[in-house]
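# Examination of the molecular architecture
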Protein chains: 4
Amino acid sequence: MRGLNKVMLIGNLGKDPEEQTLEGGITVAKFSLATTESYKDDKGETHSLTEWHSIVAWRSLADLAGKYLKKGSTIYLEGKIKTRSYEDKEGNKKYVTEIIAESFIMLDKPADKAEINASF
Amino acid sequence: MRGLNKVMLIGNLGKDPEEQTLEGGITVAKFSLATTESYKDDKGETHSLTEWHSIVAWRSLADLAGKYLKKGSTIYLEGKIKTRSYEDKEGNKKYVTEIIAESFIMLDKPADKAEINASF
Amino acid sequence: MRGLNKVMLIGNLGKDPEEQTLEGGITVAKFSLATTESYKDDKGETHSLTEWHSIVAWRSLADLAGKYLKKGSTIYLEGKIKTRSYEDKEGNKKYVTEIIAESFIMLDKPADKAEINASF
Amino acid sequence: MRGLNKVMLIGNLGKDPEEQTLEGGITVAKFSLATTESYKDDKGETHSLTEWHSIVAWRSLADLAGKYLKKGSTIYLEGKIKTRSYEDKEGNKKYVTEIIAESFIMLDKPADKAEINASF
DNA sequence: TTTT
DNA sequence: TTTT
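A brief report on the enclosed structure follows. (Residues numbered from 1 in each chain as written. Chains lettered and ligands numbered in written order. Predicted model: local features only at pLDDT ≥ 70, side-chain atom pairs only at ≥ 80, totals over all residues. Heavy atoms only, no water.)

### Notes on the interface of chain C and chain D
At the junction of the two partners, chain C supplies 30 residues and chain D supplies 30 residues. Counting each side, the surface lost to burial between chain C and chain D is near 2,400 Å², with a carbon and sulfur contribution of 49%. Across the pair Lys 80 of chain C and Glu 37 of chain D runs a salt bridge, and its minimum N-O distance is 2.6 Å. Taken together, the connections running from chain C to chain D amount to nine residue pairs in polar contact (both at pLDDT 80 or more). Top contributing element to the side of chain C that touches chain D by residue count: strand 1 (residues 4-13) of chain C, with eight residues. Classifying every residue of the side of chain C that touches chain D by side-chain character gives 11 nonpolar, 11 polar and eight charged. Pairing of strand 1 of chain C with strand 1 (residues 4-13) of chain D, which is carried by seven bridges, proceeds in the antiparallel orientation. Among the inter-strand pairings, Leu 9 of chain C is bridged to a residue of strand 1 of chain D, identified as Asn 5 of chain D. (Contact = heavy atoms within 4.5 Å. Buried area = accessible area lost by both parts, 1.4 Å probe. Salt bridge = Lys/Arg side-chain N within 4 Å of Asp/Glu carboxyl O. Polar contact = N/O pair within 3.5 Å; in protein donor to acceptor, adjacent residues only side chain to side chain. Helix = DSSP H or I, 4+ residues; strand = E, 2+ residues; numbered from the N terminus. Nonpolar A, V, L, I, M, F, W, Y, C, P; charged D, E, K, R; others polar. Pairing = 2+ DSSP bridges.)

### Thoughts on the environment of Lys 89 of chain D
Residues and elements named next belong to chain D. Mapped onto the secondary structure, Lys 89 falls in the loop between strand 5 (74-87) and strand 6 (93-106). Note on Lys 89: relative accessible area 86%, which makes it exposed. In sequence terms Lys 89 and Gln 20 are 69 residues apart; their C-alpha atoms lie 21 Å from each other. (Buried < 20%, exposed > 50% of the residue type's maximum accessible area, 1.4 Å probe, protein only.)

### Details of the relation of the copies chain C and chain B
Rotating chain C by 180 degrees and translating it 0.0 Å along the rotation axis places it on chain B, where the RMSD comes to 0.0 Å. Both copies of the chain, as the preceding transformation shows, are related through a two-fold rotation axis. Relative to the rotation axis, the closest C-alpha in chain C is found at Leu 107 of chain C, a distance of 3.7 Å. A share of 100% of interface residues in chain C that are also interface residues in chain B marks the association as one of identical surfaces. (Least-squares fit on C-alpha atoms with pLDDT ≥ 70 in both.)

Here's what the structure looks like:
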């Protein structure tokens, strides 16, 4: 409660989304999204800095991602931050921070397919 | 370029901010922020789910965080996501995702101190 | 398509929400929300500037606004901008810009009532 | 204080920006931005609904708008809502709600010119 | 580790 | 018309 956890990104997919169907028939799609920022250093030279985000889409939004998004697609994505832990093969506890997608807009696609909202 | 990387959170600090002064006199403040979400399960029962975010504030924003924020403070925070890697003591590569603060608003403090923007 | 129209406000209600039930049983709640910004002038003196927003909530969100929000309540509100035109008594065309509420969070209320999302 | 007044839009310019230089050498650029939303009606048919926003950019951001934005340009724009009143020729008080631009990203332009932030 |  |  009293909580807001919102992420807004505009960037490009690094690869095609990977879709999976879990037991129970629920689908998940995962992809990475690059957001690039440009800044000037002390000498006034422009540099660019890319940040990669791990995106996870569930259910119908996963289907839409799998169907319409490709490597290189430019999208606006809205979602929330979630950190989960797991154990790697050596038994070390690891943490991953992912963005759970809530909706996205395709910025380089035909307009009739452009706006997509999560059903969840 | 073409990039947007924006995070908006409303939540509470888990602890007082930890301030550090780096070589060169630059200050950093770090703290964790809890955002709590409530949802209903299949049976209609309400549950709450807390997500912890690692926040990093630089320079003058670090000073303001150190000066005004305390364990338990409720804030609205705007920033961007940044994942950095480091090697732990055993030489394993690890990743941490942090929110670089850009501004915050205190939601439970006297109004004359409430709105604070990063100078960076 | 390709469209994003999003407003995020943190402020206080100027009055209790006004509820109305339209033909067909649809409920609407209207209220004004003040967002106050502070800035420094050329001489370094701090001023504050208040902006008033006309908020419109529909259906179940209207019910929740009517039930929980009062004059003075502090809320985070998310919605979209909509400008509509009408004719005044003298037949002049007039325009009003309103924020159609999509969700709100109460920032000064008991937590179990704090987070409220539009069903629409 | 305690205030947040933030607007985020993705849309297209209806016309080229109109630039003006005020006394004192301050520049302003004005343009309208269309955000289009698609929705399904009761019968499942898709409709689209366009909302027009009046955008005002000041100083260096006005210069950038005048230089890089054209009729039809697709942009992401961030700003705040401001309603001002004036008297028309007949002496009637009128209100206009405008979006004061704070930054924009060009979504259909060469990447090296894409990200632009207000200096104000 | 927070808050209600 | 709010809030601090």
